[in-house]
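Chain by chain, the residues run as shown.
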Amino acid sequence: MSLLAIENLSVEVEGKKVLNGFNLTIEKGEVHVLMGPNGSGKSSLIMTILGYPGYKVCAGAITFDGRELNSMSINERVKLGISIAFQTPPEIRGVKLRDIIRISGGKSLWNPQIEPEEEFATPLLKKVGLEPTQFRDRDIGVGFSGGERKRSELAQIFASNPKIMILDEPDSGVDIDSLKTIGIDLGEYIKGHDCACLIVTHYRHILPYLNPTLAHVMCGGKIVKSGSPMEIFTKIEEKGYCEYLELCPPGIKEEIEKGLVINNTEF
Amino acid sequence: MNWKEELNKKAVGVQDKSALLGPDVDMKQFKGQALTKQAFQLPSDVADRAKTVGINPDEESRSGTFFQLDHSVILACRKKEIEGVEVMGTPQVVEQYDWLKDYYWKAVAVDTDKYTAEAETHQHPGGYFIRTKPGVRLTLPVQACLFIGTQGLLQAVHNIIIAEENSELHIITGCTTHPQVKNGMHIGISEFYIKKGATVTFTMIHGWAEDVEVRPRTGVIIEEGGTFISNYICFKPVKSLQMYPTSYLVGENSRVRYHTLIYGMGNSLLDVGSRAVLSARGARAEMTSRIIGKNSARIIARGHLVGEFPETKAHLDCRGLLLSSTAQIHSVPELEAKTQGCDLSHEAAVGKIEEAQLCYLMSRGLNEDEATALIVRGFLDPEVPGLPQHLKQEVRKTIELTSEKVM
């Protein structure tokens, strides 16, 4: 039994098809890289796995750890062991970073009467390189830099002890030092916990830390090519996504050409 | 005619004068007969209820206590070991201190409307008088509870708070009704006098019942270098509540800060504002309000900044969150600059909870109700800038207690 099995998934958002017969299987402990031009459906896939409202499954199924997810709410799904680092998490005023980390770990909000010194979020913040005294009482995302935002997402992922982590561009908008810390942290965690990983990225820099199993190229709402991560990256860096467009489902290529600008300089 | 009789005559003259804002209340409907005084002893059900509006019946960590049940003053005293503060019933002070005429109805006009008139002419006047002597800085708050224990009662109180020069005073006022009281009316006149260099923080927690009408009338006069911090919390339903406390910043470098947290629910109508009149150089005002509208509640959140002197600065910040499709929030910010050199600004935002925030919290394992509650709690941030640390904790605890059943 695969850890994550997505079969023939088709999804619509406001009547527009965003996933089109998508297939993917990830086994325990495997690291998969997902690439593709903007608008190819990468984020839609993540939102659909999580069960976000507005992502209407028209066909196909998602199974995780033997359970079919389609009719479950977001929180029921993540409790099965799915954890996500969002590309741009929202700001939530008044909700403290330490508390969201605790919630991710299934703990209650921090209560100084029971726990004079916060003991759960503090070491996790330290681990991801956010100084606990400065960050634990901060409102989620408010005034965070790009790198701080990514690290705070990682702290939440580590808190939840997942079977699979889904990382949506954990390396975008971060400087080279942060990238290294994030890469090392993730790599160690994946290895140490035999955790599976699906990572969406436009860059190769983070990959050496994660030792990926397979890379996939998405176009027009489905995977059009899978193979060795380094080979695929090298090819895309040379030639862009143009040749993958030919592999899109019928009619999709024309739509993409009409509606989307695919620019090689973006990745 | 002495000064008291003159005021009384003025009041009688406006007994039918409707207020500018809020639905008109027919006060004749309130015929409840007050409970008689049970000297110095609080029934346990009254004490328990008072706890939900921040009152410590055992008087722990308080400088003094005032407790009025219906029309009777049960308790009005300072702690023995605390010097330099007076806690008394206002009617007693009217008899005792002739100089009170310089304060009585000087920050609020007796002929404002029929409610101020009722407070002056009420058969059983009540309310508290709290005064800190010059230079006395109290760290522990004085607590005051105004409690309606009888169905259909009209309670009218007149509070006078004087912080003499360079003194510091913290007050926690809890206003509530007995759990069995559904209907009644509370009129509360509060006049604050913040003398040169003095600081007063005033935390008021309202916990009324569904059919109670509430009409507070508040005026604050702040002298040179004085600071007034108001922290208003209302998390319980009420029939209608209308108030528009006004601070007059008459001294140079005087400061006022209003922090308002309202959770409107049921069929409540809340018309709540804060006003600051800046009439001296260097005066500053800051107002923040956080309003939640649930069920069919209607909330009007007003703010009025009046700049009457150069080199003054004031800012108004109002945010509203609607939790149902039948609740309404109406934000009315007003800026009025009467001379050059007033720096007045406002920001207001009203909307529903963002789906992205809700989904984000759900993706961390909370269900929809838990996620909503967490956002609401965060939105109603009890952090009041300027409130001492131990009071902040106290307020936070009270909010937890008050909001237990709501959120």
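For every chain, the first residue of the written sequence is number 1, and numbering continues from 1 onward in sequence order. Chains carry letters and ligands carry numbers; both start at the beginning, A for chains and 1 for ligands, and go up in the order they are written. Local features in this predicted model are restricted to residues whose pLDDT is 70 or higher, and side-chain atom pairs enter the listing and the counts only when it is 80 or higher, whereas totals over whole chains, interfaces and linings include all residues. Note that the side-chain values use all heavy atoms of the structure and ignore hydrogens as well as water.

(A) Quick look at helix α9 (residues 229–239) of chain A. Residue and element names in this part refer to chain A. The classification of residues rests on relative accessible area computed with a 1.4 Å probe and restricted to protein chains. Under 20% of the type maximum is buried, over 50% is exposed, and intermediate values are partly exposed. A run of H or I in DSSP becomes a helix once it reaches four residues, and a run of E becomes a strand once it reaches two; helices and strands are each numbered from the N terminus. Among the residues making up α9, those that are buried are P229, I232, F233 and I236. Along α9, the residues classed as buried sweep out an arc of 100 degrees about the axis, all on the same side. Structural note: α9 exposes E231 and E238 on the side pointing more than 90 degrees away from its buried face. What makes two residues a contact is simply this: any of their non-hydrogen atoms within 4.5 Å. Looking at the buried side of α9, the elements it contacts are β3 (31–35), α8 (207–210), β11 (214–219), β12 (222–227) and α10 (242–245). Trailing α9 by a residue or two, G240 shows a phi angle of about 75 degrees, which is positive. In this context, the arc is that of the directions from the helix axis out to the C-beta atoms.

(B) Region of the structure containing the layout of surface pockets. Any residue with an atom within 4 Å of a point lines the site, the site being either a cavity, points on a 1 Å grid over the protein atoms alone where a 1.4 Å probe fits but cannot get out, or a pocket, an open set with protein on both sides within 12 Å along at least 5 of 7 lines. Grid points are joined across faces, edges and corners, and a volume is the space filled by probe spheres set on the points. In this structure, the largest pocket encloses a volume near 1,300 Å³. As for the largest pocket, its lining consists of 41 residues, of which A:P112, B:Q393, B:R396, B:K397 and B:E400 are closest to the centre. Every element with two or more residues in the lining of the largest pocket is listed here: β7 (92–96) and α3 (97–104) of chain A together with α6 (368–379) and α7 (389–403) of chain B. The element contributing the most residues to the lining of the largest pocket is α7(B), with twelve residues. Note on residue categories: nonpolar means Ala, Val, Leu, Ile, Met, Phe, Trp, Tyr, Cys or Pro, charged means Asp, Glu, Lys or Arg, and polar means any other residue, Gly included. Here the residues of the lining of the largest pocket sort into twelve nonpolar, 13 polar and 16 charged. Computed from the structure, the second largest pocket encloses a volume of approximately 670 Å³. Lining the second largest pocket we find 27 residues, and of these A:R93, B:R290, B:R319, B:G378 and B:F379 sit closest to its centre. A breakdown of the residues in the lining of the second largest pocket according to their chemical character gives eight nonpolar, seven polar and twelve charged.

(C) Representation of empty space enclosed by the protein within the structure. Residues and elements named next belong to chain B. Applying the stated criterion to the full structure yields four cavities of 30 Å³ or more. Put simply, the largest cavity is a space of about 160 Å³. Along the walls of the largest cavity sit 16 residues, with M204, S230, M243, P245 and Y258 positioned nearest its centre. Going through the elements one at a time, β9 (199–207), β10 (211–222), β11 (227–234), β14 (255–264) and β15 (269–278) are the ones with two or more residues in the lining of the largest cavity. Among the elements that line the lining of the largest cavity, the one with the most residues is β11, at four residues. Here the residues of the lining of the largest cavity sort into ten nonpolar, six polar and no charged.

(D) Local environment of the interface of chain B and chain A. Taken together, the 17 residues of chain B in the interface contact 22 residues of chain A. Where chain B abuts chain A, roughly 1,800 Å² becomes buried across the two surfaces, and 66% of that area is made up of carbon and sulfur atoms. The term salt bridge refers to a side-chain nitrogen of Lys or Arg lying within 4 Å of a carboxyl oxygen of Asp or Glu. The tally of links between chain B and chain A comes to one salt bridge. For A:E153, the salt bridge goes to B:R364, with nearest N and O atoms at 2.8 Å. Two parts placed together each lose some accessible area under a 1.4 Å probe, and the buried area is that loss summed for both.

(E) Spotlight on the side chain of B:Q143. Residue and element names in this part refer to chain B. By the secondary structure assignment, Q143 is in strand β5 (residues 142–148). By relative accessible area, which is 0% here, Q143 ends up buried. At 3.0 Å, the side chain of Q143 forms a polar contact with the side chain of T65. Ignoring anything within four residues of it in the chain, the contact list for Q143 reads G54, I55, N56, E59, R62, G64, T65, F66 and I172. Polar contact criterion, stated in full: a pair of N or O atoms within 3.5 Å, where within protein one must be able to donate a hydrogen and the other to accept it, and residues adjacent in sequence count only if both atoms are side-chain atoms.

(F) Fine view of helix α6 (residues 146–160) of chain A. The span you would expect from a helix comes to 1.5 Å times its residue count less one. Look at α6(A): 22 Å from first C-alpha to last across 15 residues, which is about the 21 Å you get at 1.5 Å a residue. Burial analysis of α6(A) places eleven of its 15 residues in the buried class, which makes it a mostly covered element. All of the buried residues in α6(A) are A:G147, A:K150, A:R151, A:S152, A:E153, A:L154, A:A155, A:Q156, A:I157, A:F158 and A:A159. Residues of α6(A) that are buried sit in contact with β6 (82–85), α3, α4 (121–127), β9 (164–168) and α7 (176–193) of chain A together with α5 (355–362) of chain B.

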